[in-house]
Amino acid sequence: MSEAEALVLEDYGRLERRALPLPPIGADDALLRVEACGLCGSDHEVFTGRMRWPVGFIPGHETVGVLEKVGAAAAERWGVREGDRVAVGNRRACRDCPRCRDGDLAGCERFDPRESYGMIPVSTAPGLWGGYASHHYLAPESVVHRVPDGLDPVTATLFNPLAAGHTWAAEVPRTRPGEVVAVLGPGVRGICAAVAAKAAGARFVLVTGHGERDASRLRTASELGADLVVDVARDDPVEALEAATGGLADVVVDATADAPEAFGQSLRLAGRGARVVCAGVRGDGVTATCEPDLIMSRELRVTGVRGVSTDAPGRALDLLGSGRFPFGSVSTRVAGFDDVGRLLLTMAGKTAEAPPLHAVFVPGTAP
């Protein structure tokens, strides 16, 4: 095989199937045969043009596959060998800048987030920079994580949202055993944050949603270990949490999208000395209404986060492979080359179908 098949975003709303040559592989790089690639919220925002980005690239930055070719130096650097199934970090790391030397590969100073996989133009050789393809080129600066034996590639693509959940709900707030955690937003990352909080030892986890559109997602949150789920369109989450635990949360994670009122709720759910982690995107120019005095009077620590920490994907894969949580409960929809565009439109709310909690591109899938 001398060519790879790939989907190139040629214009907003238009993916073109193209054949691209497979690159030669030297000592420092690798070629991945793509098995599955998770579809992120940013994927459908760029596809529909809501998020403006120069077109002409292969999307996909939650990629899992098998190392078809790997150079000797790369194999030693990454601790892998040909034939291993790996998950690919979306950002590259030079391993030589001050942040990389401190172990913060996710914050590499050399590579801007705009140079992440799934965003690089095909005009930049060798072109195969994204997961919507049969093959993915791995540059020497790639960060890869070995997938545990027995973990199927579609489930393994949850490594990215679960890594976010670990970063937001366990690592950044330093969640301790026995604490109460509230998670706002039952998207895949919010539910993964609830799982990560439970894995960190939280004794009680609340997950909130809004309206009928979130009903099935709240059920999934319960199936994955949430102790209480609340539809904020019907019930007050503060009253519900106080009734269930006798108090407020030690940690609050706001993982909502396009919900300005959620920030105010996150402050009201936080108890004295609580840590509030803001991960949700409101949208450009949005103003949130809240009670800022709660930050002072309750001595809250409010932290904004974006992305995931260096170790989080590996921890997520270990948790996925452990079988501790029933990730089979997660509603997943799979699409191939011919129908991934429609799935992206569904995720964006532009079809009559309900968007799945977890969406995945699989190269060999027929529509």
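Residues numbered from 1 in each chain as written. Predicted model: local features only at pLDDT ≥ 70, side-chain atom pairs only at ≥ 80, totals over all residues. Heavy atoms only, no water.

Counting its regular elements, the protein chain contains twelve helices and 15 strands. Taking 2.2 N^0.38 as the reference for a compact globule, 367 residues should give roughly 21 Å; the C-alpha atoms of the protein chain span a radius of gyration of 20 Å, in line with that estimate. Seen through its C-alpha atoms, the protein chain measures out along the principal axes to roughly 65 × 45 × 40 Å. Here the protein chain holds 367 residues, and 55% of them are scored as buried. Counted over contacts in the protein chain with a minimum sequence separation of 6, partners at least 24 positions apart contribute 72%. In the structure as shown, the protein chain presents an accessible area of about 15,700 Å², 47% of it carried by carbon and sulfur atoms. Taking the 39 positively charged and 48 negatively charged side chains of the protein chain as two groups, their mean positions are separated by 2 Å. (Helix = DSSP H or I, 4+ residues; strand = E, 2+ residues; numbered from the N terminus. Rg over C-alpha atoms; globule rule 2.2 N^0.38 Å. Buried < 20%, exposed > 50% of the residue type's maximum accessible area, 1.4 Å probe, protein only. Contact = heavy atoms within 4.5 Å. Areas by Shrake-Rupley, 256 points an atom, 1.4 Å probe, with all protein chains shown as cover. Lys, Arg positive; Asp, Glu negative; His and termini not counted. Charge placed at Lys NZ, Arg CZ, Asp CG, Glu CD.)

Ranked by size, the top nonpolar core spans 45 residues in total, and within it Leu39, Ile58, Trp78, Leu128, Tyr132, Leu138 and Phe361 carry the most contacts. Sorting elements by how many residues they give to this core places strand β1 (residues 3–11) first, with five residues. Trp78 has contacts with Asp29, Ala30, Val70, Arg95, Leu138, Ala139, Pro140, Ser142 and Val144, leaving out every residue within four places of it along the chain. Core analysis: the next-biggest nonpolar cluster, separate from the first, contains 43 residues, Ala87, Ala163, Ala202 and Ala255 among them. (Core = buried A, V, L, I, M, F, W, Y, C linked by side-chain atoms within 4.5 Å.)

Moving on, we come to helix α12 (residues 340–347). Counting buried residues in α12 gives six out of eight residues, a clear majority hidden from the surface. When we look at burial in α12, the residues that qualify are Val340, Gly341, Leu343, Leu344, Thr346 and Met347. Looking at the buried residues of α12, the elements they touch are β1, β2 (14–21), α1 (41–48), β14 (332–335) and β15 (358–361).

Purely geometric stuff here, so don't read any function into it on its own.
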